[in-house]
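# Analysis of the macromolecular model
Chain residues, written in single-letter form:
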Amino acid sequence: MARPVTLFTGQWADLPLAELAPLAKRMGYDGLELACWGDHFNVQEALASPGYVQDRLELLDRHGLQCLAIGNHLVGQAVCDRIDERHRSILPTHVWGDGDPEGVRRRAATELQDTARAAAAFGVKTVTGFTGSSIWHSIYAFPPTSQTYWDQGFADFGARFTPILDVFELVDVNFALEVHPTEIAFDIATSERALAAVAQHRRFGFNFDPSHLAYQGVDYIRFVRSFGPRIFNVHMKDAWWGRGDGTVGTFGGHTSFGDARRSWDFRSVGRGMIDFESIIVALNDIGYAGPLSVEWEDSRMDRVHGASESAAFCRRLDFKPAAGAFDAVFAQDRSAP
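Overview of the structure. (Residues numbered from 1 in each chain as written. Predicted model: local features only at pLDDT ≥ 70, side-chain atom pairs only at ≥ 80, totals over all residues. Heavy atoms only, no water.)

## So, the overall build of the chain
- Each helix and strand counted, the chain has 13 helices and 10 strands in total.
- By the compact-globule yardstick of 20 Å for 337 residues, the chain fits well, its C-alpha radius of gyration being 21 Å.
- In terms of overall dimensions, the chain has C-alpha extents of about 80 × 55 × 45 Å along its principal axes.
- The burial tally for the chain puts 53% of its 337 residues in the buried class.
- Within the chain, counting contacts between residues at least 6 apart in sequence, those at least 24 apart form 77% of the total.
- Entry remark: accessible area of the chain is about 15,200 Å², with carbon and sulfur atoms responsible for 53%.
- Each charge class in the chain can be summarised by its mean position, and for the 32 positive and 43 negative side chains these summaries are 1 Å apart. (Helix = DSSP H or I, 4+ residues; strand = E, 2+ residues; numbered from the N terminus. Rg over C-alpha atoms; globule rule 2.2 N^0.38 Å. Buried < 20%, exposed > 50% of the residue type's maximum accessible area, 1.4 Å probe, protein only. Contact = heavy atoms within 4.5 Å. Areas by Shrake-Rupley, 256 points an atom, 1.4 Å probe, with all protein chains shown as cover. Lys, Arg positive; Asp, Glu negative; His and termini not counted. Charge placed at Lys NZ, Arg CZ, Asp CG, Glu CD.)

Here you go:
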């Protein structure tokens, strides 16, 4: 196997890590991408107590697991978002505070900086997450929306995230944005714009997840080839699209995931329409050697069954790149005696 197969724990936060770790091993995983919610990884405890970090490392080691990334998507979402009552349910109490929107954004930024420090203390080089966006609500461009208006949104992102990325630089950790609707970057064009907004900061890159690109019509293989060295982490998640009963379109129709009317939905890895074979080839071509991290989401399937078959699918699919051209033997000099 060329790469470790890991499980992102965000969708398993109802289970204590002490229960999830042995389960993940039984399901076939080499490691965990620890989410900063539930009890899986507490940023402030990691900073306050070396014993907490050691306990977490020992727990993983007992079950033959490693951690190659930490995910703090929920806090990251609040850094640039227009804050409303929905954010309260996803944020730590000390980040929500009194709920004043600008205060929430500033405390979220501080917590993300602390996540970089905690990751460094844990020996992890990548933090995955979200950024939020002050301009996502304008996606349809009505009322008529000028480029100046969108420029202001990217400038806001740059101003808020550059100091965060500077802390990542100080502790030698990368931030990997999961390119995703509701974030400042949700396709190739906006990813390029986001990079420009932080002046190509070397600590800003991407958590590649094809499931968020495919149903939009974005060429997810082109994404890999466009951003090569900036891909710091990979989420393996499947989707299908162009389905449903014709009453719900790409915008979701205010339906919930799993609703049969939906034109797209997430699927267990290998059960949808994502071309993972081509993804592996592209990842090999760009030299990506990081984990394949399963983010398991399928509203219609038992999660233990789905996560188990997803690990097996990734392991079977992945392969080491060639050490040389297969026809190199024909170039050998055969003229010598």
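Once you've had a look at it, read on.
## So, the nonpolar core
- Counting residues in each nonpolar core, the largest one holds 91 residues, and the members touching the most others are F161 and F204.
- Excluding anything up to four places from it in sequence, F204 contacts F157, L165, F175, L177, A194, L195, V198, R230 and F232. (Core = buried A, V, L, I, M, F, W, Y, C linked by side-chain atoms within 4.5 Å.)

## Describing the pattern of salt bridges
- The final tally for this structure, using the stated rule, is 24 salt bridges.
- One salt bridge in this structure joins D151 and R193, with 2.8 Å as the shortest N-O distance. With a gap of 42 residues between them, D151 in helix α8 (residues 147-170) and R193 in helix α9 (residues 188-197) connect regions that are remote in the sequence.
- Residue D151 is classed as partly exposed on the basis of its relative accessible area of 40%.
- Here the salt bridges do not stand alone but share partners, grouping E102, R105, R106, D156 and R160 into one network. (Salt bridge = Lys/Arg side-chain N within 4 Å of Asp/Glu carboxyl O.)

## Re helix α1 (residues 17-27)
- Those residues of α1 not exposed but buried are L17, L20, A21, P22, L23, A24 and M27.
- Where α1 is buried, its residues contact β1 (5-8), β2 (31-35), α3 (50-62) and α13 (303-317).
- The positive-phi residue at the C-terminal boundary of α1 is G28, with phi of around 105°.

## Some words on unusual backbone geometry
- A cis amide bond, omega 0°, links F142 with the succeeding residue P143.
- Along the chain, P143 turns up in the loop between β4 (126-129) and α8.
- Of note in this structure, D172 is not a glycine but carries a positive phi near 60°.
- Assignment of secondary structure puts D172 in the loop between α8 and β5 (174-178).
- Looking at D172, the relative accessible area reads 36%, which means it is partly exposed.

## Observations regarding the sheet that holds β2
- Taken in spatial order, the eight strands close into a barrel running β1-β2-β3-β4-β5-β6-β7-β10, and their pairing is parallel. The sheet shows a mean angle of 30° between the axes of neighbouring strands, taken without regard to direction.
- In terms of strand pairing, β2 meets strand β3 (residues 66-71) through four bridges, oriented parallel. In the strand pairing of β3, L34 is matched with I70.
- Contacts from α8 reach β4, β5 and β6 (204-208), with the element oriented near 140° to β5. (Pairing = 2+ DSSP bridges. Axes fitted to C-alpha atoms, helices over the stretch in contact; angles between N-to-C directions.)

## Brief notes about the packing of aromatic side chains
- Within the structure shown, the criterion is met by 20 aromatic pairs.
- Between F41 and F122, the ring centres sit 5.1 Å apart and the planes meet at 65°, which makes this aromatic pair edge-to-face. In this pair, F41 is assigned in the loop between β2 and α2 (43-48) and F122 in helix α7 (residues 101-122), connecting sequence segments 81 residues apart. Each member of the pair, F41 as well as F122, is classed as buried. (Phe/Tyr/Trp six-rings, centres within 6.5 Å; stacked < 30°, edge-to-face > 60°.)

## Overview of the environment of G244
- Residue position: G244 is located in the loop between β8 (238-241) and β9 (264-267).
- For G244, a relative accessible area of 40% gives the class partly exposed.
- When the C-alpha positions of G244 and S278 are compared, they lie 26 Å apart, and in sequence the two are 34 residues distant.
- Apart from the residues within four sequence positions on either side, G244 is in contact with A260, R261, R262 and S263.

## Observations regarding the pairing of β1
- Burial along β1 is two-sided: V5 and L7 facing one way and T6 and F8 facing the other are all buried.
- Where β1 and strand β10 (residues 292-294) come together, three bridges link them in parallel fashion. When the sheet's bridge partners are listed, T6 is paired in β10 with S293.
- Bridge count between β1 and β2: three bridges; the pairing is parallel. Of the residues in β2, the one forming a bridge with F8 is E33.

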